[in-house]
Amino acid sequence: MDRNKAVHGYESKAALRGTLAHCLFQKALTIAPSYVNRREDMRRCLYDAVGLILRENISGLYAADMKEAEACEFLQSTIKGIMQFVDSYLYGSKAINSGKSSRRLGVNSVLAIEESISSPVFGLKGKIDATLKVSPSAAPPE
């Protein structure tokens, strides 16, 4: 068994990148309501969060043999996509096509992050990444 998986659970840099991006996305979900109409302030806050996320995952960087600069560059490159998601769903609503109809979907609030769940009946145990309150509405014809 290789050192990465045995000690830290990371088999590769790709797995670590996924974990890092996940952390940054969760940060965005939790801070977005505080930054309505202050998009650039939120973007700066996410850039500041990159350093904290890297410090929290320093052992994973070592295990995956990833340099801090490489991880920093990767996280900073994900901020644009995260901000597009925030603009589309948290600060607005986005049209979702489902077959014959089209609806708009917007996130009203973030209820929980990393919520633990278990169901002995179904043999399930784990965490829900994000619990969101959403509001669907009919999309106007385009």
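That block above? That's the structure.
Structure report, in brief. Fair warning: this is a prediction, and the values are worked out from it, not measured in the lab. (Residues numbered from 1 in each chain as written. Predicted model: local features only at pLDDT ≥ 70, side-chain atom pairs only at ≥ 80, totals over all residues. Heavy atoms only, no water.)

1. Notes on helix α2 (residues 13-31)
Each turn of an α-helix holds 3.6 residues, which means side chains three or four residues apart point in the same direction.
Move 1: Between its first and last C-alpha, α2 extends 27 Å over 19 residues, near the 27 Å set by a 1.5 Å rise per residue.
Move 2: Those residues of α2 that fall on the buried side of the exposure criterion are L16, L20, L24, Q26, A28, L29 and I31.
Move 3: For α2, the N-terminal capping position is held by S12, with its side-chain oxygen 3.3 Å away from the main-chain nitrogen of A14. (Helix = DSSP H or I, 4+ residues; strand = E, 2+ residues; numbered from the N terminus. Expected span 1.5 Å × (residues − 1). Buried < 20%, exposed > 50% of the residue type's maximum accessible area, 1.4 Å probe, protein only. Polar contact = N/O pair within 3.5 Å; in protein donor to acceptor, adjacent residues only side chain to side chain.)

2. Digging into the packing of aromatic side chains
Move 1: Considering all chains together, one arrives at two aromatic pairs under this definition.
Move 2: Taken together, a centroid distance of 5.1 Å and an interplanar angle of 70 degrees make the contact between F25 and F85 edge-to-face. Of this pair, F25 sits in helix α2 while F85 sits in helix α5 (residues 68-90), and the two are 60 residues apart along the sequence.
Move 3: Centre to centre, the rings of F85 and Y89 are 5.0 Å apart; their planes meet at 35 degrees, and the pair counts as tilted. Of the two residues, F85 and Y89 both sit in helix α5, four residues apart, roughly one turn of that helix.
Move 4: When its relative accessible area of 25% is taken as the criterion, F85 is described as partly exposed. (Phe/Tyr/Trp six-rings, centres within 6.5 Å; stacked < 30°, edge-to-face > 60°.)

3. Looking at the pattern of salt bridges
Move 1: A complete count under the given rule lists seven salt bridges for this structure.
Move 2: Note that E40 is salt-bridged to R39, the shortest N-O span being 3.9 Å.
Move 3: By relative accessible area, which is 30% here, R39 ends up partly exposed.
Move 4: Note that R44 and D41 form a salt bridge whose closest N and O atoms lie 2.4 Å from each other. Placement of both R44 and D41 in helix α3 (residues 39-56) is noted, with a separation of three residues, approximately one turn of the helix.
Move 5: Residue D41 is classed as partly exposed on the basis of its relative accessible area of 29%. (Salt bridge = Lys/Arg side-chain N within 4 Å of Asp/Glu carboxyl O.)

4. With respect to the nonpolar core
Move 1: Within the largest apolar cluster, 27 residues are counted, with the highest numbers of intra-cluster contacts made by L20, L24, M42 and L46.
Move 2: Elements with a contribution of two residues or more to this core: α2, α3 and α5.
Move 3: Here the element with the most residues in this core is α5; it accounts for eight residues.
Move 4: If we skip the residues at most four places from it in the chain, L20 touches I53, L54, N57, L61, A71 and L75. (Core = buried A, V, L, I, M, F, W, Y, C linked by side-chain atoms within 4.5 Å. Contact = heavy atoms within 4.5 Å.)

5. Overview of the environment of A63
Move 1: Along the chain, A63 turns up in helix α4 (residues 58-63).
Move 2: For the pair A63 and K13, spaced 50 residues apart in the sequence, the C-alpha separation amounts to 9.0 Å.

6. A word on the pairing of strand β1 (residues 94-98)
Move 1: Bridging between β1 and strand β2 (residues 101-119) involves five bridges; their strand directions are antiparallel. Looking across to β2, one finds that N97 is bridged to S102.
Move 2: Where β1 hands over to β2, the hairpin turn is made up of two residues, of which G99 adopts a positive phi near 70 degrees. (Pairing = 2+ DSSP bridges.)

7. With respect to unusual backbone geometry
Move 1: Positive phi values are uncommon outside glycine, yet D65 reaches one of about 55 degrees.
Move 2: Along the chain, the position of D65 falls in the loop between α4 and α5.
Move 3: A positive phi is found at E114, a non-glycine position, where the angle reads about 50 degrees.
Move 4: Mapped onto the elements, E114 comes out in strand β2.
Move 5: On the basis of relative accessible area, E114 is assigned to the partly exposed category, the value being 27%.

Honestly, that's just the spatial picture; any functional story needs more than this.
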